[in-house]
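The primary structure of each chain is shown beneath.
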Amino acid sequence: MLLHSVNLWNLAFYAFMVFMATLGLWDVFFGFEENKCSMSYMFEYPEYQKIELPKKLAKRYPAYELYLYGEGSYAEEHKVLPLTGIPVLFLPGNAGSYKQVRSIGSIALRKAEDIDFKYHFDFFSVNFNEELVALYGGSLQKQTKFVHECIKTILKLYKGQEFAPKSVAIIGHSMGGLVARALLTLKNFKHDLINLLVTQATPHVAPVMPLDRFITDFYMTVNNYWILNARQINLTTLSVAGGFRDYQVRSGLTFLPKLSHHTSALSVVSSAVPKTWVSTDHLSIVWCKQLQLTTIRAFFDLIDADTKQITQNPKKKLSVLNHHFIRHPAKHFEENPSIISDLTGTSMWVPVKVSKWTYVAYNESDKIYFTFPLANHRKIYTHVYCQSTIRQGIDLSWKAELLPTIKFLMLRLQDYPSLSHLVVYVPSIHGSKFVVDCEFFKKETRSIQLPVTHLFSFGLSSRKVILNTSGLFYNIELLNFGQIYQAFKINVVSKCSGVKEEITSIYKLHIPWSYEDSLTIAQVPSSTEISVKLHIAQPDNDSHVALLKMYTSSDCQYEVTVKTSFSQILGQVVRFHGGALPAYVISSILLAYGGQLYSLFSTGHCLEYATLLDKEAKPYKVDPFVIMVKFLLGYKWFKELWDMLLLPELDAIVLTSQSMCFPLVSLILFLFGTCTAYWGGLLSSTSVRLLSSLWLALKRPSELPKDIKIISPDLPILTIVLILISWTTCGAFAILLTYLYYVFKIVHLQASLTTFKNSQTVNPKHARRSEKKSNHHKDSIVHHLRLSASDAEDSLRMHSTLINLLTWIVLLSMPSLIYWLKNLRYYFKLNPDPCKPLAFILIPTMAILGNTYTTSIKSSKLLKTTSQFPLPLAVGVIAFGSSHLYRVPCFVFIPLLLHALCNFM
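Residues numbered from 1 in each chain as written. Predicted model: local features only at pLDDT ≥ 70, side-chain atom pairs only at ≥ 80, totals over all residues. Heavy atoms only, no water.

- In the annotation of an unreviewed UniProt entry, the protein is listed under the name GPI inositol-deacylase and assigned to Capra hircus.
- Per UniProt, the protein carries the Function (unreviewed entry) text "GPI inositol-deacylase that catalyzes the remove of the acyl chain linked to the 2-OH position of inositol ring from the GPI-anchored protein (GPI-AP) in the endoplasmic reticulum. Initiates the post-attachment remodeling phase of GPI-AP biogenesis and participates in endoplasmic reticulum (ER)-to-Golgi transport of GPI-anchored protein."
- According to the UniProt record, the Subcellular location (unreviewed entry) comment for the protein is "Endoplasmic reticulum membrane". (UniProt positions renumbered as here; feature names shortened; annotations may be inferred.)

Here you go:
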């Protein structure tokens, strides 16, 4: 029925939009590198020792527990408390297990064994009963208070020890990191109870899906506190994101707000972390061996030798984290490194006067010093660059930087006017072959500008640069690249001459305004494709340029081509705005619903859903108003009026503050939403038909109701029962039951209409007499209307739209229902319940609508007014619900309630 009501052009358009959405979804879920994380293994059987909590605490939080992680002999020794190590508390995230601590706990134990337990860490983990806190925010405050009690309990386990800790370090995965930050907002919490906070894939900026007001309120409380009290917060915080592999929490949400007076916070993407250099998904970030090794190395470097605990010096903490997570000089961390080296001894000294030099060493028995006089080079060149394939032993300098296959040093000569020589030290290493390359160059010869292609070139055009010189290093400046909606494919083709051995080149995408660099390693000669897109947009006050840093071979020539990637642009739309799609779907359905009500008022008949979706669901009915209001809010008088009316902040302004505004993004989302609304309508109407066929197969055929009763005898009892269920258990559960009752009523009506049509086919004369009789009595009885076949078809069209609309409301309320079902053995009543107020209104409304037919409302005085409401409410859904999905049902129940009241007015 729905397919017949839409023309082929519209059907082709809806199919095309499905294709476009599929391209975007494919990029988000599959358009990334393979998982390069190594699995971390336990060398002994992991054990989780339950820590006994005070009885009052255990009674107050029956679903939560605290555990101590251990393996082998360590686990056996620590079954008898107190403890003697350094406490670290692991907080799992949404649906996370306390057992996720085993990867980092096991690696820390191996590291402690390597140093003969001079220092060791005790890893604790909280069991949050795998609660779905990303979907239901009502338990976040409860989790925060429990963690506070856990910290106090942990510190008591060290009482009486010589080096008893006064604070704990916290590692928080996903929402666990947010709970850790929320500790500082508690009234009785002492800030010095936490000495370090490391968060992994934690959405700090905003919730991934704002499905209830408790989540958004919690975020507002935490972030406002950290911003307003930034000067007083001395907690060193590191946030690590997973990169593009993590499609559950996009990395842009994990970056802590940059405040000029809060310099003790670092945010980095795992692909940019030295010695890690991989993107991780949302779960692998807790077991990725490369990342956990980096984290544990940092933890051991943070230990104060005097207190045998993590240092209290904030400068040292930040230095250690920068050393391991931002820029690694290929040397062990030193708090006060010596900048003067002793070059005396019997080593060989070799002067080098050329501007470009390569040394290949194999089985060197003598130490060699190569000296480069700088006086002449300063006159011609601006920089010196050296790289080495040897990655152990003494490094070139503390200014060196480590990459996967090389370490390199780049110096600007004018920064060292007093130096007469550059000395490259080659140690004696037996059985190892390595290469050292050095060259002097002018900066302008190695910095090449490459403007990126336009957003709307759709990959049909490209721009190219060719690197003909035989340099070791190039900076490709990607001009006009700084927005999150931009995405490109860069192809690097290398051609080498006279190369017999395998040569490696490294291409590093460097984003100067955020630590989200990524590396690509290529064996040359080859053709390498690099995906280029951003997690964080370039700030307005930032003038830096994104760079493609190329660490190349002097034996090869390189050709770099850039072109727009349309599929990745769609992927960015889905990645950054996919969560707003339900609001756009419901907005489109509301517009079609309003059109159906108006057609009923004006013609006496309800038109097909697909026809009115095509006619009414137009972006120009919604977007201009939102744009106009956003513009007016820039004026002080309008903002004051807005605040006086107690209206919430416009969602478009929230997106602008997070640098998430795409050109035409609202139009794209509206088209996706309309497409989803169409296919959703097709699915709901088809489902009703299939269920009615099943009903007819199992039950005796039913007839169309002879008398229409809006309030049947059992309706008040059913309504009261459902309201009681909502009050005593879970509002979402009562909404679901009411929805199922409503669907049952519509399926029964469809079955009755099918039976009537079948009987009409078998006995058309009898059917016509019945129809005439029905039409004769239709207007003669006020409270007991008779239903004709045409009225039944009109009613089914209206109900099909309502089912489509109500399905989305049920889906938006499902998270709290899932949470309630999962915790049913602990709590029979969900408290707080985000759906309870909505349930009290929707239950009686849906119960009445289940008995509502078009013939009973077409003469209502309220119908015209009711038909006018969906349009402004569709605008309201986009204006206030795209970033706050929990507000959407508030806009939906208003026309439903008015629709139900049309039966009585």
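From this point, the discussion proceeds with the structure in view.
**Details of the domain arrangement of the protein**
By a widespread convention, an interface's size corresponds to the accessible area lost as its parts come together.
Thinking step 1. Assigned domains of the protein: these are domain 1 (46-326), domain 2 (348-443), domain 3 (446-573) and domain 4 (579-759 + 785-902).
Thinking step 2. Distance between the C-alpha centres of domain 1 and domain 2: 41 Å. (Domains from an automatic or database assignment.)

**Remarks on the packing of helix H18 (residues 665-698) against helix H22 (residues 789-822)**
Thinking step 1. Two elements in contact, H18 and H22, have axes separated by 9 Å at closest approach and are oriented at 115 degrees. One way to sum up the angle between H18 and H22 is to call them roughly perpendicular. In this structure, H18 crosses over H22, and the sense of that crossing is right-handed. Residue-level inspection shows Thr676, Ala677, Gly680, Gly681, Ser684, Ser685 and Val688 of H18 in contact with H22, the latter providing Ser800, Ile803, Asn804 and Trp808.
Thinking step 2. The residue inventory of the contact of H18 with H22, partitioned by class, reads 4 nonpolar, 7 polar and no charged. (Axes fitted to C-alpha atoms, helices over the stretch in contact; angles between N-to-C directions. Helix = DSSP H or I, 4+ residues; strand = E, 2+ residues; numbered from the N terminus. Parallel < 35°, antiparallel > 145°, perpendicular 65-115°, else oblique. Left-handed = near helix turned anticlockwise from the far one by under 90°. Contact = heavy atoms within 4.5 Å. Nonpolar A, V, L, I, M, F, W, Y, C, P; charged D, E, K, R; others polar.)

**A closer look at the environment of Val875**
Thinking step 1. Along the chain, Val875 falls in helix H26 (residues 870-881).
Thinking step 2. According to the relative accessible area criterion, Val875 is buried, its value standing at 8%.
Thinking step 3. Considering only alpha carbons, one finds Val875 and Phe891, 16 residues apart in sequence, at a separation of 9.6 Å.
Thinking step 4. Once residues lying within four places of it in the same chain are set aside, the contact partners of Val875 are Lys621, Val622, Phe625 and Val626. (Buried < 20%, exposed > 50% of the residue type's maximum accessible area, 1.4 Å probe, protein only.)

**Here's the deal with the sheet that holds strand S11 (residues 348-351)**
Thinking step 1. Read from one edge to the other, the open sheet built from 3 strands follows the order S11-S13-S17, with strand pairing classed as mixed. Where the open sheet ends on each side, the last strands, each with one partner, are S11 and strand S17 (421-426). Neighbouring strand axes in the sheet, compared pairwise and without regard to direction, differ in orientation by 25 degrees on average. (Pairing = 2+ DSSP bridges.)

**Re the state of the cysteines**
Thinking step 1. One pass over the structure, following the stated rule, counts 3 disulfides.
Thinking step 2. Covalently, Cys37 is tied to Cys288 through a disulfide, its sulfur atoms 2.2 Å apart. Between Cys37 and Cys288, the disulfide has an S-S torsion of -90 degrees and is therefore left-handed. In this pair, Cys37 sits in the loop between helix H1 (8-30) and strand S1 (46-50) while Cys288 sits in the loop between strand S8 (265-269) and helix H8 (289-301), placing the two residues 251 residues apart along the sequence. By the burial criterion, Cys37 is buried, and Cys288 matches it.
Thinking step 3. With its sulfur 1.9 Å from that of its partner, Cys496 forms a disulfide with Cys556. Around the S-S axis, the bridge from Cys496 to Cys556 shows a dihedral of about 100 degrees and counts as right-handed. Placement of the pair is Cys496 in strand S22 (residues 487-496) and Cys556 in strand S27 (residues 556-564), with a sequence separation of 60 residues.
Thinking step 4. On the basis of relative accessible area, Cys496 is assigned to the partly exposed category, the value being 23%.
Thinking step 5. According to the relative accessible area criterion, Cys556 is buried, its value standing at 3%. (Disulfide = S-S within 2.5 Å.)

**Concerning the UniProt feature "transmembrane region" (unreviewed entry) in the protein**
Thinking step 1. This chain's UniProt record puts "transmembrane region" (unreviewed entry) on residues 12-32, 581-601, 650-672, 718-742, 802-822, 834-853 and 873-898.
Thinking step 2. Annotated as residues 581-601, this span is 100% helix and 0% strand, and its ends, taken at the C-alpha atoms, are 31 Å apart.
Thinking step 3. Between the C-alpha atoms that bound residues 834-853 the distance is 31 Å, and the span itself is 70% helix and 0% strand.

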